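Single-letter residue listing:
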Amino acid sequence: MNNIYNFSSSSLLNDELNIIQLVLLCFFFLSVGSFASTLIIRLSPSNNFKILNVIYSRSNCISCKKKIGFFNLIPIVGYLIQLGKCEYCKLAISKFYPLTEVLFCLTGFFLITEYGFSEYSLIMFLIFLVLYILFFLDFKYFYLPLPLNLSIFVMGFLGNVFFSLAIDDSLLIFKVTPVTFSILGFIFGYMFLFSINFIFKTFKKIDGIGGGDFILFGGIGSIFGPFAIWPIIFLASSLGILYYLFFEKNFKKELPLGSFIILGSIVFFLLKKFELFNYILVL
């Protein structure tokens, strides 16, 4: 059975795409990265952002509020034209924008190389887009918007039900259906963090984990299934502890758990995709 761990595609980038198609594809991925970085800024709690502004609101400089010209909006090119500075106020433009665009381009080509032009490429790219936005919203603002959070569950559920996204043959032996796989993954992920917070709140009288983290972990569980919950939370906790040890001064009272859950899920996927778990166990 094909899934995101064992799907193999031919070398489509070499055999089927000409240089013009490669350039257009590259521009598309860069543009999605630009869109993602813009949304991270606009969805911050301080902006009181409205969904309609995704379509109708023009981009402007964060510092001087001047509207950004058309050519300056072109991914990577706009940054280079302005020499990394706003053409009006001359303040430096954050490197976060071009780095995000490049990362999305690399991720897009990685997915096409691994999955070709298939439903897996599309679903995984959409999941990466939403997780990337959620990662920085939680990391910078401790904020996980409910619509984006729920969309992770929707994509995981539909991906598994219609395309067996992370379903393998071993689950079919136990007669675990894709619907059960995703629903249990969501329930296990949600209830795991809910239970920890419930115990913490019983003793401390305050919440130790935000409700958005429950939904996020449940959504990730709906993608990877109930058995993936334990390695993902272990990876997330380990990454969070390491980050805190090295950057303790950046956090006064709390850590962005959601961001580390997202990192843990990406590491889990890569380890399982490239069968690195077996290598680690041998070591």
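The rules we used
Residues numbered from 1 in each chain as written. Predicted model: local features only at pLDDT ≥ 70, side-chain atom pairs only at ≥ 80, totals over all residues. Heavy atoms only, no water. Helix = DSSP H or I, 4+ residues; strand = E, 2+ residues; numbered from the N terminus. Buried < 20%, exposed > 50% of the residue type's maximum accessible area, 1.4 Å probe, protein only. Core = buried A, V, L, I, M, F, W, Y, C linked by side-chain atoms within 4.5 Å. Contact = heavy atoms within 4.5 Å. Patch = residues over 30% accessible without salt bridge, like charges linked within 9 Å, V, L, I, M, F, W, Y side chains within 5 Å. Areas by Shrake-Rupley, 256 points an atom, 1.4 Å probe, with all protein chains shown as cover. Salt bridge = Lys/Arg side-chain N within 4 Å of Asp/Glu carboxyl O. Polar contact = N/O pair within 3.5 Å; in protein donor to acceptor, adjacent residues only side chain to side chain. Axes fitted to C-alpha atoms, helices over the stretch in contact; angles between N-to-C directions. Parallel < 35°, antiparallel > 145°, perpendicular 65-115°, else oblique. Left-handed = near helix turned anticlockwise from the far one by under 90°. Nonpolar A, V, L, I, M, F, W, Y, C, P; charged D, E, K, R; others polar. Expected span 1.5 Å × (residues − 1). Arc of directions from axis to C-beta. 1 Å grid on protein atoms, 1.4 Å probe; cavity = no way out; pocket = protein on both sides within 12 Å on 5 of 7 lines; lining within 4 Å. Points joined across faces, edges and corners; volume = space filled by probe spheres on them.

Some remarks on unusual backbone geometry
Here's step 1: Within the chain, Ile76 stands out as a residue other than glycine whose phi angle is a positive 65 degrees.
Here's step 2: Its location among the elements puts Ile76 in the loop between α3 (53-56) and α4 (77-81).
Here's step 3: On the accessibility criterion, Ile76 (22% relative accessible area) is partly exposed.
Here's step 4: For Ser164, which is not a glycine, the phi torsion comes out positive at approximately 50 degrees.
Here's step 5: Along the chain, the position of Ser164 falls in the loop between α7 (146-163) and α8 (169-173).
Here's step 6: Exposure remark for Ser164: the relative accessible area of 17% places this residue in the buried category.

A closer look at the nonpolar core
Here's step 1: The biggest cluster of nonpolar side chains holds 62 residues, and the ones touching the most others in it are Ile4, Phe104, Ile133, Leu134 and Phe224.
Here's step 2: Mapped onto this core, the elements with two or more residues apiece are α2 (19-42), α5 (96-115), α6 (119-141), α7, α9 (178-204), α10 (211-224), α11 (229-246) and α12 (257-273).
Here's step 3: Looking at this core, the element that brings in the most residues is α6, giving 15 residues.
Here's step 4: Setting aside residues no more than four positions away along its own chain, Ile133 makes contact with Ala36, Leu39, Ile40, Leu43 and Leu148.

A few points about a nonpolar patch on the surface
Here's step 1: A contiguous nonpolar surface patch, about 1000 Å² in accessible area, is contributed by Val179, Ile183, Leu184, Ile187, Phe188, Met191, Phe194, Phe198, Ile199, Phe203 and Trp230.
Here's step 2: Sort the elements by how many residues they give to the nonpolar patch and α9 lands first, with 10 residues.

Let's talk about the environment of Ser182
Here's step 1: Tracing the backbone shows Ser182 in helix α9.
Here's step 2: Ser182 gets classed as buried once you look at its relative accessible area, which sits at 0%.
Here's step 3: On a C-alpha basis, the gap between Ser182 and Ser222 in space is 4.0 Å, while along the polypeptide they are 40 residues apart.
Here's step 4: Apart from the residues lying within four places of it in its own chain, the contact partners of Ser182 are Gly156, Phe157, Asn160 and Ser222.
Here's step 5: Here Ser222 takes part through its backbone oxygen, which lies 2.8 Å from a polar atom of the side chain of Ser182.

Details of the packing of α7 against α9
Here's step 1: Orientation of α7 relative to α9, taken along the N-to-C sense of each, is 155 degrees, at an axis distance of 8 Å. Judged on the interaxial angle alone, α9 and α7 are roughly antiparallel. Note that α7 runs across α9; the crossing there is right-handed. Facing α7, whose interface residues are Phe153, Gly156, Phe157, Asn160 and Val161, α9 presents Pro178, Val179, Phe181, Ser182, Ile183 and Phe186.
Here's step 2: Tallied by class, residues from the contact of α7 with α9 come to 8 nonpolar, 3 polar and no charged.

Details of α11
Here's step 1: Here α11 is 18 residues long and its end C-alpha atoms lie 26 Å apart, about the 26 Å a rise of 1.5 Å per residue gives.
Here's step 2: Of all the residues in α11, the buried ones are Ile229, Ile232, Ile233, Leu235, Ala236 and Gly240. Looking down the long axis of α11, one finds its buried residues gathered within 160 degrees of arc, a one-sided arrangement. Facing away from the buried side of α11 by over 90 degrees, the exposed positions are Phe234, Ile241, Leu245 and Phe246.
Here's step 3: Structurally, α11 contributes buried residues whose contacts are with α9, α10 and α12.

Comments concerning the layout of surface pockets
Here's step 1: Considering only enclosed or pocket space, the second largest pocket measures out at about 610 Å³ in volume.
Here's step 2: For the lining of the second largest pocket, the secondary structure elements donating two or more residues are α9, α10, α11 and α12.
Here's step 3: Sorting elements by how many residues they give to the lining of the second largest pocket places α11 first, with 4 residues.
Here's step 4: Taken together, the residues of the lining of the second largest pocket sort by class into 13 nonpolar, 6 polar and 5 charged.

Overview of α5
Here's step 1: An ideal rise of 1.5 Å per residue puts 28 Å on 20 residues; α5 measures up with 28 Å between its terminal C-alpha atoms.
Here's step 2: Buried within α5 are the following residues: Pro98, Thr100, Glu101, Phe104, Cys105, Thr107, Gly108, Phe109, Leu111, Ile112, Glu114 and Tyr115.

Digging into the pattern of salt bridges
Here's step 1: For the coordinates displayed, the defined rule picks out 2 salt bridges.
Here's step 2: In this structure, the salt-bridge partner of Lys273 is Glu114, at a minimum N-O distance of 3.3 Å. Taken together, the residues Lys273 in helix α12 and Glu114 in helix α5 connect sequence positions 159 residues apart.
Here's step 3: By relative accessible area, which is 8% here, Lys273 ends up buried.
Here's step 4: The salt bridge partner of Lys201 is Asp207, with a shortest N-O separation of 3.6 Å.
Here's step 5: With a relative accessible area of 39%, Lys201 lands in the partly exposed category.

By themselves, these figures tell us nothing about what the structure is for.
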